[in-house]
Amino acid sequence: MAAPRSPLSRLFTVLLAGLLAGLALAVAALPGNLLVGFAARSALGTYAALPDALRTPATPQRSYLYANDGKTLITTFYDVNRTDVALADIAPVMRQAIVAAEDRRFYDHGGADLRGLARALVANVKGGGTEQGGSTLTMQYVRNVLKTDPARTAEERAAATDPTVGRKLQEIRYASALEKSLGKDEILDRYLNIAYFGSGAYGVAAASQRYFGRAPAQLTLAESALLAGLVQSPDAYSPIDGDKDEALSRRSYVLDSMVATGAITTVQAAQAKSEPLTLHPTAQPNGCTAVSQGHDDWGYFCDYLRRWWLTQPAFGATVPEREQALRSGGYTVITSLDPQVQATAQQQATKVYGYDNERALPIAAVQPGTGRVLAMAVNRHYSLADNPAGQANHPNTVNPLISGGASVDGYQAGSTFKLFTMLAALESGRTLSTGFDAPAKLPTRYAAEGPGSCDGHWCPANANPDWMDGYRMMWDGFGRSVNTYFVWLAEQVGQDKVVQMAQRLGITFRADSDAAFARDNAANWGSFTLGVAATTPLDLANAYATVAAEGTYCTPLPVVSVTAANGAKVPVGEPSCKRVLDADVARAATDAARCPVGQQSPYGQCNGGTATGVNDILDGRPVAGKTGSSEQNATETFVGFTPQVAVAGIAANPDDPADSVGSAVQTKVIDAVARVIATAVRGQPEKAFVAPSRELAGEPRRPVERPAVSERRQPTQDPRSALQRWLDRRG
């Protein structure tokens, strides 16, 4: 039943009836075409004088986020659940149903149906049950636009539904002006895209999904009649939130009206009436915490994309404007997320540590040459749900454990930072064959006290002296991860140059202490090459992707394309890349990075690695990478790359840096990252790395048997004299 009429509503009806009562009897006898002409002449307005929102609709629409296949829905963002669709994409029976339900004379009047309005006014004055509105579809469209126009103030939007004669007359003028410039189908399309159908669904596209889980083009006659019947009183008639019996009663009314308009036959109406009410309610996800069921791991990527979006001027001048654009702009976003790579990364992250484990393995995958982020996984649910007592960030959290930001500074990545020392050395003119007789411990010039010092100076040591000590070049120094070799090399190059190299490749110092050291004292940051600065899997993967792309750095990018509601491409999907390394320098670093993973340099100088199983997992496919263990195995890291993908994983306790993950997990981290790489390159042609020039290789030694431990040179206190002795041997 209709709600009782308020005194104000009755007063409005009487006033408007008084204004048009005399008109009612006259117009009832006028031919239809004369009546339309009268309405047009009475419009007292032109299309050009209409509010902008009526001429160019700016109604809010939800934005869609898809994976890189353009089909897999990640989530949607919206304040108002609606999406515009073209009239051709709406089932004809739905168009016919809404006309029959709301405005049978839609195709005959000029915007304001004075005959229908007069009839409704007379009926309302007489009373006797259901109140009749008399508003045409065009008038309803005007009202809906003005009451939702985001450019208007709250007071102006409220005024669009004021029960006043002035408002009604303005509605008539606007409707008549619209009809003089727009075709009926255009008006019908606009109406169907803005009408409220109840249960939070605005527009027929949202309504067909909300009630029946299908596109509006697929609506049946019975479904169309039910939806059309909701518009008169959407909250009361909604079969989800309101009265199902009332919804079915309205469906029957609409079907009878469709018979009256000639849209369907009585037989078709009877058949549709006999159909049971079959709903398939579909709630549209809204935001990153509402990603597709069973894929809450996608939330971390979604959150990264949202934070990226808020930095893009293309979506607004301020952060609030960009946020509003995402939630109401109707964008279609094809992201860079690869569902298969993501699935493997998530599977591997949770294989190493379960969801309930306080330790985590965040993994990131990046495409060299574009910076596109293919996967972001961690053994956590992206959720605002409460955690068990005493558990801060597991199993649920929305903190950016993979990309960093907010309260997440990152994790120490250990010897993976030796890459930056090697690059800085190569760029300074040194070659891959730069040699040093690496001692078990190396006294440095940096003052230090405590267990790690030698006579008041910092004195780093090799983790496995029997395997690491001795004469090393960049190939086997990197392959065996010889600490004293790289600390010595960093001293030769200059620690500040190493720090600058890391920054050029995208390493961001989020921890205040790291940022201060890099800014004010980089030249004395002796331990930097051992990976003591906090970083993230995303930063690390992208840095190594720069080397894979032969020195081209690309800003991490979470999208492939962004299309506005009007179909225009937004210029934010193209990679932002620049050359930060000479290509030959990057090739030389890649050449040495093949040693850790069990492959061989074209110069034949690899003789041991810390992650040799990677070669088997990749079945001999060209691959490079580096392991990293921070002090006392607090974290364990592996980053690997091919020309097509770079993947990094860091095992750590995000809540307690003092909780050492232990060396035993290193092989699991290596295996996990390698298998993500294998998924990423599956089906792609095998691509070889380009060998570096002879100039940067230098004069490699011939492969020789490693001398016995007793024959190795004793540690020297002067690393420069060791270099000089080697140069003397070369002549």
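Residues numbered from 1 in each chain as written. Predicted model: local features only at pLDDT ≥ 70, side-chain atom pairs only at ≥ 80, totals over all residues. Heavy atoms only, no water.

This part takes up the packing of helix α18 (residues 418–427) against helix α21 (residues 483–493). Direction vectors running N to C along α18 and α21 enclose 45°, while the axes themselves pass 9 Å from each other. As far as their axial angle goes, α21 and α18 are oblique. When you trace α18 past α21, the crossing you get is left-handed. Of the residues in α21, those in contact with Lys418, Thr421, Met422, Ala424 and Ala425 of α18 are Asn483, Phe486, Leu489, Ala490 and Val493. (Axes fitted to C-alpha atoms, helices over the stretch in contact; angles between N-to-C directions. Helix = DSSP H or I, 4+ residues; strand = E, 2+ residues; numbered from the N terminus. Parallel < 35°, antiparallel > 145°, perpendicular 65-115°, else oblique. Left-handed = near helix turned anticlockwise from the far one by under 90°. Contact = heavy atoms within 4.5 Å.)

For the coordinates displayed, the defined rule picks out one cavity of 30 Å³ or more. In terms of lining, the largest cavity is formed by 13 residues, of which the most central are Gly369, Asn542, Ala545, Thr552 and Cys554. Mapped by element, the contributors of at least two residues to the lining of the largest cavity are α24 (537–548) and β14 (552–554). Counted by class, the lining of the largest cavity contains six nonpolar, seven polar and no charged residues. (1 Å grid on protein atoms, 1.4 Å probe; cavity = no way out; pocket = protein on both sides within 12 Å on 5 of 7 lines; lining within 4 Å. Points joined across faces, edges and corners; volume = space filled by probe spheres on them. Nonpolar A, V, L, I, M, F, W, Y, C, P; charged D, E, K, R; others polar.)

Taken in spatial order, the four strands line up as β2-β1-β3-β15 in an open sheet, and their pairing is mixed. At either end of the open sheet lies a strand with only one pairing partner, and these are β2 (73–77) and β15 (559–563). Pairs of neighbouring strands in the sheet enclose a mean axial angle of 15°, with direction left out of account. Running at roughly 45° to β2, helix α15 (residues 298–309) makes contact with β1 (63–66), β2, β3 (332–335) and β15 of the sheet. (Pairing = 2+ DSSP bridges.)

On to the state of the cysteines. This model, assessed by the stated rule, comprises four disulfides. Disulfide pairing is shown between Cys554 and Cys577; the S-S distance is 2.1 Å. Between Cys554 and Cys577, the S-S torsion sits near 105°, and that sign places the bridge as right-handed. One end of the pair, Cys554, is in strand β14; the other, Cys577, is in strand β16 (residues 577–579), with 23 residues separating them in the sequence. For Cys554, a relative accessible area of 3% translates into the label buried. (Disulfide = S-S within 2.5 Å. Buried < 20%, exposed > 50% of the residue type's maximum accessible area, 1.4 Å probe, protein only.)

The space that makes up the second largest pocket amounts to roughly 950 Å³. Along the walls of the second largest pocket sit 35 residues, with Ala461, Asn483, Leu530, Ser630 and Glu631 positioned nearest its centre. When contributions to the lining of the second largest pocket are tallied by element, the ones reaching two or more residues are β10 (453–454) and β17 (624–629). Counted by class, the lining of the second largest pocket contains 12 nonpolar, 19 polar and four charged residues.

This brings us to unusual backbone geometry. Here the residue pair His394 and Pro395 is connected by a cis peptide bond, since its omega of 5° sits within 30 degrees of zero. In this fold, Pro395 is placed in the loop between β6 (381–382) and β7 (396–397). In this structure, Asp455 is a non-glycine residue whose phi angle is positive, near 55°. On the secondary structure map, Asp455 appears in the loop between β10 and β11 (457–458). With relative accessibility at 77%, the residue Asp455 sits in the exposed group.

Glancing now at the pairing of β2. With respect to burial, β2 is a largely interior element, four of its five residues being buried. Taken together, the four bridges between β1 and β2 define a ladder with antiparallel strand orientation. Residue pairing in the sheet places Leu65 in a bridge with Thr75 of β2. Hairpin connection between β1 and β2: a loop of six residues separates the two successive antiparallel strands, and Gly70 in this loop has a positive phi of roughly 75°.

Next up on the list: the sheet that holds strand β19 (residues 646–651). Here five strands make up an open sheet; going across it, the order is β5-β4-β19-β18-β17 and the pairing antiparallel. Of all the strands in the sheet, the pair left with one neighbour each is β5 (373–377) and β17. On average, each strand axis in the sheet is inclined to that of its neighbour by 5°, with strand direction left out of account. As paired elements, strand β4 (residues 363–366) and β5 share four bridges and run antiparallel to each other.

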